[in-house]
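Residues per chain, in single letters:
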Amino acid sequence: KAVFVGTSLGGIVTMLTNLAAPSRVAAAVINDVGPELAPEGIARIAGYVGVKRSEARSLDEAAELVTWLGERALASGYPWTRATAARCRGQLLAETGDLDAAVAALEDALAVGRLLDNRFELGRTHLELGRAHRRARRRVQARASLEEARRAFDETGAALWAETARQELERI
């Protein structure tokens with residue numbers, strides 16, 4: 001794994017490297033053109049990699065963003081992008097109360113995510129799947145997913161995420 005630092009085209013190459021081989025990127029520092037980060041430069045770089053914005057202000061806006069991400073994920077062909085889009089879809093469905101559809105989307109995310117060598121991302125998906133199972137009162141499945149999430153976070157040194165998984169386990 002390496003830490004990438006990229007300015008302008010180097011930033012774009014860093015983001016593309018993370019899409020193509022996320023297991024090789026430990027961290028990234030991305031700068032637009034120089035020491036000043038102009039908002040229009042950030043927007044331009046975000047446009048290169050398909051990032052529209054980082055948060056939604058409503059469930060309707062979140063649904064639009066998840067649909068947008070899903071379309072781009074399918075077009076990209078990258079498993080990491082597809083797995084992330086499926087996880088986002090699952091989180092949105094869980095938030096709207098459609099727990100069966102949420103579980104299906106999260107299981108899709110796991111199936112695609114298993115093609116990658118990224119225990120942390122699999123842990124994130126297991127965490128969301130465990131939450132959806134818990135909310136649907138499927139305790140056995142919830143416990144299995146949350147234990148898997150905790151193990152993944154422990155193995156990758158993600159202590160705060162592991163603690164979140166432990167707290168979710170206590171809620172069962």
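The structure presented is a predicted model; accordingly, all values stated were derived computationally and were not measured.

**A short note on the nonpolar core**
Thought 1: Membership of the largest hydrophobic core is limited to 8 residues, which are Leu127, Leu146, Ala149, Phe153, Ala158, Ala162, Ala165 and Leu169.
Thought 2: Of all the secondary structure elements, the ones that give two or more residues to this core are helix H7 (139–156) and helix H8 (159–170).
Thought 3: Those residues in contact with Ala165, other than ones at most four positions away along the chain, are Leu127, Leu146, Ala149, Arg150 and Phe153.
Thought 4: Core analysis: the second largest hydrophobic core is formed by 6 residues, Leu106, Leu110, Leu122 and Ala132 among them.

**Thoughts on the packing of aromatic side chains**
Thought 1: Within the structure shown, the criterion is met by 3 aromatic pairs.
Thought 2: Measuring from centroid to centroid gives 5.5 Å for Phe120 and Trp161, while their planes differ by 90 degrees, and the two rings are edge-to-face. Here Trp161 lies in helix H8 and Phe120 lies in helix H6 (residues 119–135), a separation of 41 residues in the sequence.
Thought 3: Ring geometry for Phe153 and Trp161: centres 5.5 Å apart, planes at 40 degrees, overall tilted.
Thought 4: Residue Trp161 is classed as partly exposed on the basis of its relative accessible area, which comes to 33%.
Thought 5: Taken together, the aromatic side chains of Phe120, Phe153 and Trp161 make up a single cluster linked through ring pairs.

**Remarks on the packing of helix H5 (residues 99–113) against H6**
Thought 1: In the contact formed by H5 and H6, the axes pass within 9 Å of each other and the chain directions differ by 160 degrees. Taken together, H5 and H6 sit at an angle that is classed as roughly antiparallel. Note on packing geometry: the crossing formed by H5 with H6 is left-handed. For the pair H5 and H6, the contacting residues are Leu99, Val103, Leu106, Glu107, Ala109, Leu110 and Gly113 in the first and Leu122, Thr125, His126, Glu128, Leu129, Ala132, His133 and Arg135 in the second.
Thought 2: Residue composition of the contact of H5 with H6, by class: 8 nonpolar, 4 polar and 3 charged.

**Here's the deal with the pattern of salt bridges**
A side chain with one charge may pair with a side chain of the opposite charge, provided their charged atoms come close.
Thought 1: Per the stated rule, a full pass over the model turns up 15 salt bridges.
Thought 2: With its nearest N and O atoms 3.0 Å apart, the salt bridge here joins Arg150 to Glu147. Of this pair, Arg150 and Glu147 both sit in helix H7, 3 residues apart, roughly one helical turn.
Thought 3: For Glu147, a relative accessible area of 24% gives the class partly exposed.

Thresholds applied
Residues numbered from 1 in each chain as written. Predicted model: local features only at pLDDT ≥ 70, side-chain atom pairs only at ≥ 80, totals over all residues. Heavy atoms only, no water. Core = buried A, V, L, I, M, F, W, Y, C linked by side-chain atoms within 4.5 Å. Buried < 20%, exposed > 50% of the residue type's maximum accessible area, 1.4 Å probe, protein only. Helix = DSSP H or I, 4+ residues; strand = E, 2+ residues; numbered from the N terminus. Contact = heavy atoms within 4.5 Å. Phe/Tyr/Trp six-rings, centres within 6.5 Å; stacked < 30°, edge-to-face > 60°. Axes fitted to C-alpha atoms, helices over the stretch in contact; angles between N-to-C directions. Parallel < 35°, antiparallel > 145°, perpendicular 65-115°, else oblique. Left-handed = near helix turned anticlockwise from the far one by under 90°. Nonpolar A, V, L, I, M, F, W, Y, C, P; charged D, E, K, R; others polar. Salt bridge = Lys/Arg side-chain N within 4 Å of Asp/Glu carboxyl O.

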